[in-house]
Amino acid sequence: MNDRDWLADEARRSLERLQPRLETTLDAAGADVFHRRLEARFEPVFQVLLTLYGERYDFFWHLERIVLAAARAWASRSDGLRALDARRETNPEWYLDHRQLGAVCYVDRFAGNLEGLRQRLPYLEELGVTYLHLMPLFQARPGDNDGGYAVSDYRALGPALGTMDELAELADELRRRGISLVLDFVLNHTADDHAWAERAKAGEEDYQAFYFMFDDRSEPERYLPMLREIFPDRGGDSFIWRDDVQGPRGGKFVWSTFYPFQWDLNYRNPAVFCAILEEMLYLANRGVEVLRLDAVPFLWKAPGTTCENQPEAHLAVQALNALSDIAAPALVFKSEAIVHPDEVARYVDPAECHLSYNPLFMVLMWEALATRDTRLMHHALERRFKTADGTAWINYIRSHDDIGWGFADQDAGALGIDPHGHRRFLNDFYAGEFEGSFARGLRFQENPRTGDCRIAGTLASLAGLEKAVTEDDAHETEFAIRRILLMHGLIMTLGGMPLIYLGDEIAQLNDYGFRSEPAHARDERWAHRPRFDEDRLQAARRHPGSPEGRVLAGIKRLGAMRRDQPALAGSDMRPFELDSRYLIAFHRTGEQGRITVIGNFSEHPVFVPPAPLIAALGERPCLELLTQRLLDPNLGLQVEAYQLLIVSAEPRSQES
Ligand code: OTU
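Below you will find a few notes about this structure.

Calculation criteria
Residues numbered from 1 in each chain as written. Predicted model: local features only at pLDDT ≥ 70, side-chain atom pairs only at ≥ 80, totals over all residues. Heavy atoms only, no water. Buried < 20%, exposed > 50% of the residue type's maximum accessible area, 1.4 Å probe, protein only. Helix = DSSP H or I, 4+ residues; strand = E, 2+ residues; numbered from the N terminus. Pairing = 2+ DSSP bridges. Near = heavy atom within 4 Å. Polar contact = N/O pair within 3.5 Å; in protein donor to acceptor, adjacent residues only side chain to side chain. Nonpolar A, V, L, I, M, F, W, Y, C, P; charged D, E, K, R; others polar. Phe/Tyr/Trp six-rings, centres within 6.5 Å; stacked < 30°, edge-to-face > 60°. Expected span 1.5 Å × (residues − 1). Contact = heavy atoms within 4.5 Å.

A word on the pairing of strand 4 (residues 151-157). Of all seven residues in strand 4, five are buried; the element is thus mostly enclosed. Pairing between strand 3 (residues 138-140) and strand 4: three bridges, direction antiparallel. Looking at strand 4, one finds that F138 is bridged to L157.

We now examine the site of the ligand. Around the ligand, the structure places 21 residues, and the nearest of them are D146, R292, D294, E336 and D401. Between the ligand and H400, the relevant distance is 2.9 Å, taken from an oxygen atom to a side-chain nitrogen or oxygen of the residue. Separating an oxygen atom of the ligand from a side-chain N or O atom of R525 is a distance of 3.1 Å. Here the shell around the ligand is built from residues that sort into 10 nonpolar, three polar and eight charged.

Right, let's get into the packing of aromatic side chains. Evaluation of the coordinates by the stated rule reveals 35 aromatic pairs. Residues W405 and Y430 carry aromatic rings whose centres are separated by 5.7 Å and whose planes lie at 25° to one another, so their mutual orientation is stacked. Highlighted residues: W405 in the loop between strand 14 (392-396) and helix 17 (409-414) and Y430 in helix 18 (residues 419-430), separated in sequence by 25 residues. In terms of burial, W405 and Y430 fall into one category: buried.

The next thing to look at is helix 4 (residues 79-90). Count 3.6 residues to each turn of an α-helix, and residues three or four apart come out pointing the same way. Here helix 4 contains 12 residues, and its C-alpha end-to-end distance of 17 Å stays within 8% of the 16 Å for a straight helix at 1.5 Å per residue. Contacts made by the buried residues of helix 4 are with helix 2 (28-53), helix 3 (59-75), helix 8 (164-176), strand 5 (180-185) and helix 12 (270-285).

If you walk across this open sheet you meet the three strands as 7-9-8, and the pairing is antiparallel. Both outer strands of the open sheet, strand 7 (213-214) and strand 8 (239-242), are each paired with one neighbouring strand and no more. The pairing of strand 7 with strand 9 (residues 252-255) spans two bridges and is classified as antiparallel. Counterpart to F214 in the pairing with strand 9 is F253.

Structural measurements only, silent on function.
See below:
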């Protein structure tokens, strides 16, 4: 018998040993289902965990704990969620439906607390939201907590927001209204006051082994040369000295990739994997349907590597995925990997994350607006858009984070663009320093050593509305509104799910007040996390001709158009060229017809002559869905400044 067979046998035996405990853990109704799923999924779980932890003498002990954790979670899963599991099993690709529309917010900034959020549900329904991402609302450390991304307790909410029970009730209510609850799962690190960190500080070795802790700098020095500085402004490197962690030298160095109060978890320790699995399944059982895996590239560290995107980071996600398939099958992961596009794509896999941010398209929309040149976007759409069956991009225009110019250097090179110079230009442009720029953004985390820099700012401010309005420039105001709607139109039609940052639909501008809030003052990202402006929403409703009114109406119109067009389901997308650098164009083909999208990224009207138009659309008249105008390809077509045309080739529309 070879090693592998022996291990597989050993795995079977360990499952058999577990039987009596599984029987007492599982309820009568759920036992069969659990055993069936365990039978189907055990093999991948075992293989992956074996690769990660097989060299440990206590591997089988950990394996048993992990399987038991899954069983316990399944046993406490409610009937309602088990029914959801069953529904999802018959329709696993629900997120590819054209009626899906995502929105994201901080509960406190958008609505004060969970009760306030509940009161805003009619508004979310008015927008057509079906996927609601609430950014970290967990108990976080006092003072600066990186916008909640320093979690002190995954099982408790920030007291001002509400309780975990209220969150579970909200999840139910959302589901009744056809909205899926999405939360962050900040699994790369905890806050330095999480119970695990407190026990590590107190000197408990088992908990010091949850993190990366060192008595001196000899080991850190082995890692340091290859590590990227994520937040260079914080000063110092990723290894911070903490007097309050008990150690022989009166303290220890602790690994923290992001802010010093965010301590990286050590996934080389299977006890960490198991503990995180338990927290994850706990959240799934509160009714969370999608977990956004925060900072997923950083999960695995190895000397001599960048400690990003390591194969083992993928394996850890695969193991979590397979275990959630056993214990909470309705749960879906969304990857948050804001790294090189080649690496982003590797997380998008049915065995890892079904959903992923599409940072490349986000960045290239901004790039094309600044340059009035869609070639880099077209190049990327041709080569980098397609993902595995059953997976989808989450297309967005901006998030709560900064914009970093994460296109591939080789793509830029292929078009004769110097990537470094281009990034410098884009930073200057969006910081509003480039001559003629329409943008009002802020530089974020400028790194004098590498010259890197990222950009903060709300969608409306970056798209030109802030400048236009302060300068009382009607012409520029018009362009800014069109840019905002152009980008929303693209995320609604591209393929995958669109995600709106709440507040952008009423064109909220930068909030410079963060400078006077001590916990926010040094983090420019707060400029684009403004409190939701209720007055502005009312103004948008009362004055449909105002910028906020037009943006709100325009986004609602785009959402309604999307809901109406089954051809926009799925993510089959084919870009084509129209012989103008200003234009981006693609076809969407679904089982039910075809939609063609043409967008102008410049303030110059472009005339598309008949020949290329007929090549793209055919000869028969077709319907432009936003204006409801018939379009005759034989006459050619004028695409106005920043206009987006969404053209249906479906015969039914042509008759109307
Ligand atoms: C994420 O972002 C969150 O979205 C941020 O809000 C947090 O500050 C951070 O993690 C720490 O929890 O570097 O500038 O490749 O780029 O995880 C934002 C992923 C970030 C990282 C990303 C990170």
